[in-house]
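Structure assessment
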Amino acid sequence: MAEILIVDDDKYARKEIRAFIEESKFRFLTIYEANTAQRGMILLKQNRPSILILDITLPDMDGIKFGRSALQLYSDLPVIVVTQLKMFEFVQKAINSGFSAYLLKPLSKNELYETLDRVLPMGLNQEINQTINGNSKFSSDLKNPIESAIQFIQMNYGYSLTLKEVADQVYLSPSYFSRLFKEEVGMTFVEYLTFVRVQKAKSLLRFSSLPIEIIAHNTGFSNPSYFATTFKKL
């Protein structure tokens with residue numbers, strides 16, 4: 001599940017972390033909050049998060065102990081400690097406990113982003129970066145126009161794409177591009193674009209708790225109803 005669980009009794013700290021995440025490329029992640037270890041453990045068991053962010057000074061349990069308990073449940077769970085305590089003893093305990101990062105309050109926005117980039121599971125990070133980067137890294141290979149077209153589609157499936165737009169990217173006329181694409185891929189342009197979008201949507205359905213409306217929008221479908229119909233058909 002593409003989720004972040006924040007366990008901290010300081011509501012202002014939780015609010016700050018939430019704000020940082022929601023204004024970043026990580027905004028698709030669902031955020032859960034808890035102000036006690038007891039509540040955090042309930043949420044941890046109910047929603048297997050992608051990342052756990054916690055303060056080590058919780059009112060009902062030592063945060064280090066809570067983090068260790070979380071790792072007993074999910075051994076590969078990235079645990080990020082966010083605290084005001086700049087003490088080597090706690091840093092050492094965090095490292096020895098297998099935690100992924102130790103950040104100091106007041107929290108640095110960039111430091112949080114760099115940490116999330118580092119610890120987020122690779123598949124989810126690639127999905128985020130592909131959506132954010134759009135076609136910024138696209139370069140057409142004139143010797144392999146259909147391969148270039150496929151690359152462009154893979155990088156921009158979330159946008160409204162037309163056959164003419166993709167044909168223009170590989171410097172072919174729409175009619176010739178359409179025939180060549182069908183010959184080499186075995187599908188029409190529209191069939192392939194729809195196939196890619198559904199495959200991407202399947203990934204989000206598996207690894208996130210995003211609403212269907214958001215998944216449909218992020219994968220290039222005009223509305224949830226059309227997405228559901230197309231998904232069922234394929």
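Preceding this paragraph is the structure being described.
For clarity, every value in this text was computed on a predicted model and none was experimentally measured.

1. Topic: helix α3 (residues 63-73)
- Burial in α3 covers these residues: G63, I64, F66, G67, A70 and L71. Within α3, the buried residues cover an arc of 160° as seen down the axis, which keeps them to one side. Exposed side of α3, more than 90 degrees from the buried face: K65 and Q72 are the residues found there.
- Of the residues flanking the start of α3, the one acting as N-cap is D62, its side-chain oxygen 3.1 Å from the backbone nitrogen of I64.

2. Points about helix α9 (residues 174-185)
- Spanning 12 residues, α9 covers 16 Å between terminal C-alpha atoms, matching the ideal 16 Å at 1.5 Å per step.
- Among the residues making up α9, those that are buried are F177, L180 and F181. When α9 is viewed along its axis, its buried side chains cluster within an angular range of 105° and face the same direction.
- Tucked inside the fold, the buried residues of α9 contact α7 (145-156), α8 (163-169) and α10 (189-207).
- G186 occupies a position one or two residues after α9 and carries a positive phi of about 85°.

3. Some remarks on the sheet that holds strand β5 (residues 101-104)
- Overall, parallel pairing links the 5 strands, which are arranged β2-β1-β3-β4-β5 in an open sheet. Two strands in the sheet have a free side with no partner beyond their single neighbour: β2 (30-34) and β5. Strand-to-strand twist of the sheet, defined as the mean angle between neighbouring strand axes without regard to direction, takes the value 20°.
- With 4 bridges connecting them, strand β4 (residues 79-83) and β5 associate as parallel partners. The residue bridging I80 from the neighbouring strand is A101, located in β5.

4. Regarding the packing of aromatic side chains
- Counted by the stated rule, this structure contains 8 aromatic pairs.
- Here F181 and F189 contribute two aromatic rings whose centre-to-centre distance is 6.2 Å and whose plane-to-plane angle is 75°, an arrangement assigned as edge-to-face.
- You can call F181 buried: its relative accessible area is 0%.
- Through successive ring pairs, a cluster of aromatic residues spans F177, F181, F189 and Y192.

5. Examining the environment of Q92
- Within the secondary structure, Q92 sits in helix α4 (residues 88-96).
- A relative accessible area of 38% means that Q92 is categorised as partly exposed.
- In this structure, the C-alpha to C-alpha distance between Q92 and N156, residues 64 residues apart in sequence, is 44 Å.

Scoring rules and cut-offs
- Residues numbered from 1 in each chain as written.
- Predicted model: local features only at pLDDT ≥ 70, side-chain atom pairs only at ≥ 80, totals over all residues.
- Heavy atoms only, no water.
- Buried < 20%, exposed > 50% of the residue type's maximum accessible area, 1.4 Å probe, protein only.
- Helix = DSSP H or I, 4+ residues; strand = E, 2+ residues; numbered from the N terminus.
- Arc of directions from axis to C-beta.
- Polar contact = N/O pair within 3.5 Å; in protein donor to acceptor, adjacent residues only side chain to side chain.
- Expected span 1.5 Å × (residues − 1).
- Contact = heavy atoms within 4.5 Å.
- Pairing = 2+ DSSP bridges.
- Axes fitted to C-alpha atoms, helices over the stretch in contact; angles between N-to-C directions.
- Phe/Tyr/Trp six-rings, centres within 6.5 Å; stacked < 30°, edge-to-face > 60°.

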